[in-house]
Amino acid sequence: MSKGVQLDFGLGDAELPPMTYIPGFLDQARQDALWAEAGRYPFESPSIRVYGKWHPIPRQQVWFADPGCDYVYSSLLVKALPWPPLAARLRAKLERELGFVSNGVLVNRYRSGEDAMGFHSDDEPELVPGSDIASITLGASREFVLKDKLTGRRLSLVLNSGDLLLMHHPMQQHWQHGLPRCKGVGERLNFTFRLLTPGFHGTAIHGTASGSAERPAKLTGKIDR
Ligand SMILES: O=C(O)CCC(=O)C(=O)O
Ligand SMILES: [Fe+2]
């Protein structure tokens, strides 16, 4: 089983976000195979409304999950698509080796350093309360920045290809995270495995009805990620 690496930000344990960092969790062969599979994923850049104007999100994404695990993310209702084989194998590896249980994975594709993700917490109501999130990176190395919600203090670490970062409960309550723009870097993929309450948004039907639909108006316009 892989071991976590102690992150040293020069802070006491009590001040650190609850995370486990496992560099090199995926070997090169697994990274290459997953990268090739992701070349066939139906990525989309849905538009979200920010202060009344529509903008495509500055990256691409796709959501694979068990039936009934639709997800409202970045103010969009994203239907669960069936798991591709290697993404499913990675989910099983997380469960087998770390006891980490999930029923969906959000894959983000950052085409270049111009693509990014704004500060946010992954605290949507359909996530099972108290559950953790497992993040796996492929491709370009990028800075992952954490911001303490109370003090605004920032910490950052570089996530490299093959790395695993477990974000433990209650990290999302106290910290935001984001991926700033970064000039001159190549493509990066990030897989975040999550545990949702099945049926939270009604019954999902797998099939051609994939992609995104706008979520109810009261939640649009506040989210810049
Ligand atoms: O790309 C990353 O490393 C972060 C992704 C993320 O925060 C998310 O999908 O919620
Ligand atoms: Fe996130």
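Residues numbered from 1 in each chain as written. Chains lettered and ligands numbered in written order. Predicted model: local features only at pLDDT ≥ 70, side-chain atom pairs only at ≥ 80, totals over all residues. Heavy atoms only, no water.

1. Quick notes on the site of ligand 1
In the region of ligand 1, 14 residues are neighbours, and Tyr-73, Asn-108, Tyr-110, Arg-188 and Arg-194 sit closest. His-177 places a polar side-chain atom, nitrogen or oxygen, 3.0 Å from an oxygen atom of ligand 1. For ligand 1, the accessible surface in isolation is 300 Å², of which the surrounding protein chains cover 100%. In this structure, ligand 1 is accommodated by the largest cavity. At the level of elements, β7 (104–110), β8 (117–120), β13 (175–179) and β14 (188–194) are the ones that each hand at least two residues to the shell around ligand 1. The biggest single contributor to the shell around ligand 1 is β14, with four residues. (Near = heavy atom within 4 Å. Polar contact = N/O pair within 3.5 Å; in protein donor to acceptor, adjacent residues only side chain to side chain. Areas by Shrake-Rupley, 256 points an atom, 1.4 Å probe, with all protein chains shown as cover. 1 Å grid on protein atoms, 1.4 Å probe; cavity = no way out; pocket = protein on both sides within 12 Å on 5 of 7 lines; lining within 4 Å. Sits in = over half its atoms within 2 Å of the grid points. Helix = DSSP H or I, 4+ residues; strand = E, 2+ residues; numbered from the N terminus.)

2. A closer look at the sheet that holds strand β1 (residues 19–22)
An order of β1-β12-β9-β14-β7-β4 is seen for the six strands of this open sheet, with the pairing classed as antiparallel. For this open sheet the edge positions go to β1 and β4 (60–65), each flanked by a neighbour on one side alone. With strand direction ignored, the average angle separating the axes of adjacent strands in the sheet is 15 degrees. Here β7 runs beside β14; their pairing, made up of seven bridges, is antiparallel. Directly across from Val-107, in β14, lies its bridge partner Phe-191. In the packing of helix α2 (residues 85–98) onto the sheet, the strands contacted are β1, β9 (133–139), β12 (164–167) and β14, and the crossing angle to β14 comes to about 55 degrees. (Pairing = 2+ DSSP bridges. Axes fitted to C-alpha atoms, helices over the stretch in contact; angles between N-to-C directions. Contact = heavy atoms within 4.5 Å.)

3. Re the side chain of Asp-148
Here Asp-148 shows up in strand β10 (residues 142–148). Of the polar contacts made by the side chain of Asp-148, one reaches the backbone nitrogen of Thr-151; its length is 3.3 Å. Setting aside its immediate chain neighbours within four residues, Asp-148 contacts Arg-153, His-174 and Trp-175.

4. What to know about the nonpolar core
Core analysis: the largest hydrophobic core is formed by 30 residues, its most contacted members being Met-19, Trp-63, Phe-144, Leu-146, Leu-157 and Leu-165. The element contributing the most residues to this core is strand β11 (residues 154–159), with three residues. Ala-87, Ala-134, Leu-166 and Phe-191 belong to the second-largest nonpolar core, a separate cluster that totals 25 residues. (Core = buried A, V, L, I, M, F, W, Y, C linked by side-chain atoms within 4.5 Å. Buried < 20%, exposed > 50% of the residue type's maximum accessible area, 1.4 Å probe, protein only.)

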